[in-house]
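Next come the chains, spelled out residue by residue.
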Amino acid sequence: MAVIGTDVTMVGGRAKVTGAVNYTPDLEFPRMLHAKALRSPYPHANLLRVDTGKALKLTGVIAIVTRDDLAGLNPYFGPVVDDQPVVATERVRHVGEVVALVAAESREIAEEALGLIEVDYQELPAVFDIFAAVKPDAPVLHAQRHETTAGVHREEFNFQVGGNICSVYRCEDGDIKKGFAEADEIFENTYTLPPVQHGHIEPHAATAYWEPSGKLVLYSASQNPSGVQEQLAQIFKLPENQVRVIVPLVGGGYGGKTHARLEPALALLARKARRPVQWVLTRDEVFLTGRRYGALVKIKTGFKRDGTIVARQVEAFYEIGAYALNGPVNAKTGCYVSSGPYNIPNRSLTTYSVYANLPPTGPYRGVGVSHVCWAYESEMDDIARRLNIDPLELRLRHLVREGDLFVTGENLVSVGITDCLRNTAQAIGWQGKQEQAAPASGKTLVRGKGLAVTIKSTTTPTTSSANVRLNADGSAVLLTSSVEMGQGLLTSAAQIVADELGLGFDKVTVSSPDTEITPYDKSTSSSRTTFHMGQAAQKAAREIKNQLLEVAAKKLEARAEDLELRDGAVAVRGVPDKKISIADIFKARFGSTVGSMFGGHCFKSDGGLDPKTGKGKAAAFWFFSACGAEVEVDVETGKVRVLNTVTAVDAGKAIHPRQCGMQNEGSLLSGMGSALFEEMVYDNGQPINSNFLEYMLPSLEDHPGGFRSIIVETPHPDGPYGAKGVGEAALPPVAPAIGNAIANALGGARVRDLPIKPDKIIAALNALKEKP
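About the thresholds
- Residues numbered from 1 in each chain as written.
- Predicted model: local features only at pLDDT ≥ 70, side-chain atom pairs only at ≥ 80, totals over all residues.
- Heavy atoms only, no water.
- Helix = DSSP H or I, 4+ residues; strand = E, 2+ residues; numbered from the N terminus.
- Buried < 20%, exposed > 50% of the residue type's maximum accessible area, 1.4 Å probe, protein only.
- Polar contact = N/O pair within 3.5 Å; in protein donor to acceptor, adjacent residues only side chain to side chain.
- Contact = heavy atoms within 4.5 Å.
- Expected span 1.5 Å × (residues − 1).
- Axes fitted to C-alpha atoms, helices over the stretch in contact; angles between N-to-C directions.
- Parallel < 35°, antiparallel > 145°, perpendicular 65-115°, else oblique.
- Left-handed = near helix turned anticlockwise from the far one by under 90°.
- Nonpolar A, V, L, I, M, F, W, Y, C, P; charged D, E, K, R; others polar.
- Core = buried A, V, L, I, M, F, W, Y, C linked by side-chain atoms within 4.5 Å.
- Phe/Tyr/Trp six-rings, centres within 6.5 Å; stacked < 30°, edge-to-face > 60°.
- Lys NZ or Arg CZ within 6 Å of the ring centre and 35° of its normal.
- Pairing = 2+ DSSP bridges.
- Salt bridge = Lys/Arg side-chain N within 4 Å of Asp/Glu carboxyl O.

J.: Give a description of the side chain of Thr480 that names residues and reports values.
T.: Structurally, Thr480 can be placed in the loop between strand E21 (476-479) and helix H13 (489-501). The exposure class assigned to Thr480 is buried, which follows from its relative accessible area of 0%. Here the side chain of Thr480 touches Ser482 through a polar contact of 2.9 Å, landing on its backbone nitrogen. When residues no more than four places from it in sequence are discounted, the contact partners of Thr480 are Val510, Ser511, Ser512, Pro513, Thr518, Pro519 and Met533.

J.: Could you give me a rundown of H13, with the residues and numbers involved?
T.: Across its 13 residues, H13 extends 18 Å between first and last C-alpha, which sits within 8% of the 18 Å expected from 1.5 Å per residue. Extensive coverage of H13 is indicated by the burial of 13 of its 13 residues. At the exit of H13 stands Gly502, carrying a positive phi of roughly 65°.

J.: Quick rundown of the packing of helix H16 (residues 657-676) against helix H17 (residues 734-745)? Include the residues and the values.
T.: The geometry of H16 relative to H17 is characterised by a closest axis approach of 8 Å and an angle of 55° between their N-to-C directions. Of the possible angle classes, the one that applies to H16 and H17 is oblique. Helix-helix and strand crossings are classified by hand; for H16 and H17 the assignment is right-handed. Facing Ser667, Leu668, Gly671, Met672, Ala675 and Leu676 of H16, the residues of H17 in contact are Val734, Ala735, Ile738 and Ile742. Looking at the contact of H16 with H17 residue by residue, the class counts come to eight nonpolar, two polar and no charged.

J.: Describe the nonpolar core, listing the residues and the values that go with them.
T.: Counting residues in hydrophobic clusters, the biggest one holds 107 residues, and the most contacted among them are Trp622, Val633, Leu676, Ile738, Ile742 and Ile761. The element that contributes the greatest number of residues to this core is helix H10 (residues 369-387), accounting for 10 residues. Here Val633 is in contact with Thr444, Leu445, Val446, Lys639, Val640, Ile742, Ala745, Leu746 and Ile761, once residues within four sequence places are set aside.

J.: Help me get a handle on the packing of helix H6 (residues 225-235) against helix H7 (residues 263-273), residues and values and all.
T.: Interaxial distance between H6 and H7 falls to 10 Å at its minimum, and their mutual angle equals 50°. Here H6 lies oblique to H7, going by the angle between them. At the point where H6 passes H7, the crossing takes the right-handed sense. Each of Val228, Leu232 and Ile235 in H6 lies in contact with H7, whose residues at this interface are Glu263, Pro264 and Ala267. Looking at the contact of H6 with H7 residue by residue, the class counts come to five nonpolar, no polar and one charged.

J.: How would you summarise the packing of aromatic side chains if you had to cite specific residues and measurements?
T.: Counting across every chain of the model gives 18 aromatic pairs. For the pair Trp210 and Phe236, a centre-to-centre distance of 5.3 Å together with 70° between the ring planes defines the contact as edge-to-face. Of this pair, Trp210 sits in strand E12 (residues 205-210) while Phe236 sits in the loop between H6 and strand E14 (243-246), and the two are 26 residues apart along the sequence. For Phe236, a relative accessible area of 7% translates into the label buried. Here Arg292 stacks its cationic end above the ring of Tyr364, 5.5 Å away from the centre of that ring.

J.: Outline the sheet that holds strand E22 (residues 508-510), supporting the account with residue identities and numerical values.
T.: Overall, mixed pairing links the four strands, which are arranged E22-E21-E20-E26 in an open sheet. Edge positions in the sheet fall to E22 and strand E26 (596-604), since each has one partner strand and no second. In this sheet, adjacent strand axes meet at a mean angle of 20° when their direction is disregarded. Pairing of strand E20 (residues 463-471) with E26, which is carried by nine bridges, proceeds in the antiparallel orientation. When the sheet's bridge partners are listed, Ala466 is paired in E26 with His601. Here helix H14 (residues 529-556) sits on the sheet and contacts E20, E21 and E26; the angle it forms with E26, its principal contact strand, is near 145°.

J.: I'd love a proper account of H7, names of residues and values included.
T.: With nine of its 11 residues buried, H7 lies for the most part within the structure. For H7, every residue scored as buried is listed here: Glu263, Pro264, Ala265, Leu266, Ala267, Leu268, Leu269, Ala270 and Ala273. Following H7 by one or two positions, Arg274 has its phi on the positive side, about 60°.

J.: Before we move on, could you go through the environment of Asp69 and cite the residues and values that matter?
T.: The residue Asp69 is located in the loop between strand E3 (61-65) and strand E4 (76-77) in this model. Look at Asp69 and you get buried, because its relative accessible area is 18%. Distance from Asp69 to Lys615, taken between C-alpha atoms, is 45 Å for residues 546 residues apart in sequence. Engagement of the side chain of Asp69 in a polar contact is seen with the backbone nitrogen of Thr66, the distance being 2.9 Å.

J.: Please set out unusual backbone geometry residue by residue, giving values where relevant.
T.: For the peptide bond that leads from Thr460 to Pro461, omega is -5°, which places it in the cis range. Turning to its location among the elements, Pro461 is positioned in the loop between strand E19 (445-457) and E20. In this structure, Pro755 follows Leu754 across a cis peptide bond, with omega equal to -10°. Notably, Asn388 is not glycine yet its phi reads approximately 55°, a positive angle. Considering the arrangement of structural elements, one finds Asn388 in the loop between H10 and helix H11 (391-398).

J.: Got a sec to walk through the pairing of strand E24 (residues 569-572)? Specific residues and values, please.
T.: Here E24 shows a buried face lined by Ala569 and Ala571 and a second buried face lined by Val570 and Val572. Examined bridge by bridge, strand E23 (residues 563-566) and E24 share four bridges and lie antiparallel to one another. Within E24, the residue paired with Leu563 across the bridge is Val572. Taken together, E23 and the strand that follows it, E24, pair antiparallel across an intervening segment of two residues, in which Asp567 is found at a positive phi of about 55°. Where E24 lies against strand E25 (residues 575-581), four bridges are found, and the strand directions are antiparallel. Note on E25: the bridge partner recorded for Ala571 is Lys579.

J.: Quick rundown of the pattern of salt bridges? Include the residues and the values.
T.: Under the defined criterion, the tally for this structure stands at 36 salt bridges. The shortest N-O distance in the salt bridge between Asp382 and Arg752 comes to 2.7 Å. Taken as a pair, Asp382 in helix H10 and Arg752 in the loop between H17 and helix H18 (758-770) lie far apart in primary sequence, 370 residues in all. Taking the shortest distance from any N to any O, the salt bridge between Glu500 and Arg542 comes out at 2.9 Å. In this pair, Glu500 sits in helix H13 while Arg542 sits in helix H14, placing the two residues 42 residues apart along the sequence. Residues participating in the shared-partner salt-bridge network are Arg49, Asp51, Lys54, Glu118 and Asp120.

Quick look at the structure:
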């Protein structure tokens, strides 16, 4: 493993920091037009009339699409439920829904044209609150739904019809009633999390055109070129080879670009305009296009006075907005981990995805897991305080271990969570029960430390395919539809191929996705790429390796199993001077130093759950991580300062340790933003803080004074070199670790609603003082 586990220079890093990279919004095409959208001002309304006559007469306007342009197409799309129209049809269901899309010679002309489009609406009752949405008399957003057949396993979701509950997922073991009956004490609390923004710097952007042959070509800042290709083919009733999706480098996604958003309407507009059309969203439009689910989590835990947890019941409600997207997937993945990475004998876990008249949602780092982790890890600390037990000890006593049977009925593999937690506690300077001692009186500034852990699955089952081409000069290229969006794919995938072929790291390049050339990949999400695409790339390279060894064995008169690939040559193991270069192998095979050798592999992870029982195999691999935080709280103002943080993630094997550490730091900052600052605020469905001046992302000044990333390596038997994913693993425990640190600083005053803003801290302190 010459380059595996080393911090080689990150591919493309210099180009990014010098501004040399062209992202999707930077692309220009001859005769290119610009798109602007007319959006609904109402959260729920019947669409009575759309008249584009005056707008079409404006000089410079080339085409406008509305619902009238959907004839002959499949007008609805979605990754799980076909409920989202390409453009609004008979009804709008959230503020910002696209009613018409204009293509013009300039953005300014397109913008002016929007004001000339006449639309008549008939307002309808709307619902924005999760609990209000599930009541029998709530306005119903979708009386009819159409589950898609595209790329998902619809049988894994329990869809609900007739109200605003889109899907329900359940998982259980033991006897929950018996468990609570045996408990000495029972805690029951409710936790909430608001919607938050992904915060990617590059907005959603795409350019589309149609070739004279009828082929659709799309450049898109997408995390999922194969999925977008599939959905566009369905909408326009085309074979997939007539839809070409190209993805340049993506300027951040964090899950927000996993599914088709603006691509279907843009493709429709480009077809009508008969010219290339580019659509780049403004920041406020990004806020209307995607976000993380808001949620409410009810958790009930029964425990013995010796600290043994005997029962846990969870009900979590995820608000998914006006359209399903992957809301049912989110509810499912949040369900089976909602009791935490703990051995608890009696569990009843239920999650719901719920429609509301709010902008669409979508996956966000730690999909579905951060919500329930906020609840169960806060609960663990409160139980420890109640029983006067060290919170670290309480967690260690119940943590899952290698081979344990999880609530899904599968035995856990590659379980490094105990090491994650122990190392985190040591690094943050954990002092045991003393951390929950009463704070010194009379001080304005108080300090506290907190811990939290999590378990998360990856999308399972899924498929990734890779092709590798070796040239006669000993250089190679990996063809992949995985997307580079800042996480370091171009580097880590090249390391895997280089190591397998015995090449120098600088001899391998990795393609950008182009569905005309690069093979299928499920998506660059769920932190699945290193495990899945890494497997596909390694085995594709191995096919070439076997070809090289076969030819070399004849030339060197040796057995293939006695040969090794190293430094661009095949040598007899233990006899380094007896070797043949790759160029000479090509000459032996093709007669001269020309030609290419190809290798390909399609890797599919097995698994899946029975939706009736919640049993089966939920994950090709599991993420385990821990976070420790130390905070300082001003008890007069409620202001919090994060002093030190530690994140520990079980990577299986770190292909590029520095990139793993950077992922952990990014996850920490995202989690800290959710914990202390970030929330999307609506007034009757109208967003009121949809820009980065009013939506509070953490700034550099908020960065913790100390940060340490710890990589635990518990090799996974199916991962390339034992590697698992890392990208989002560190995020879910950040908010509860900070919340627990704040509670410990304040003598147990607990805030259960994110973000933990100063006024909530003051209210929690006042509530603690009034407690008898």
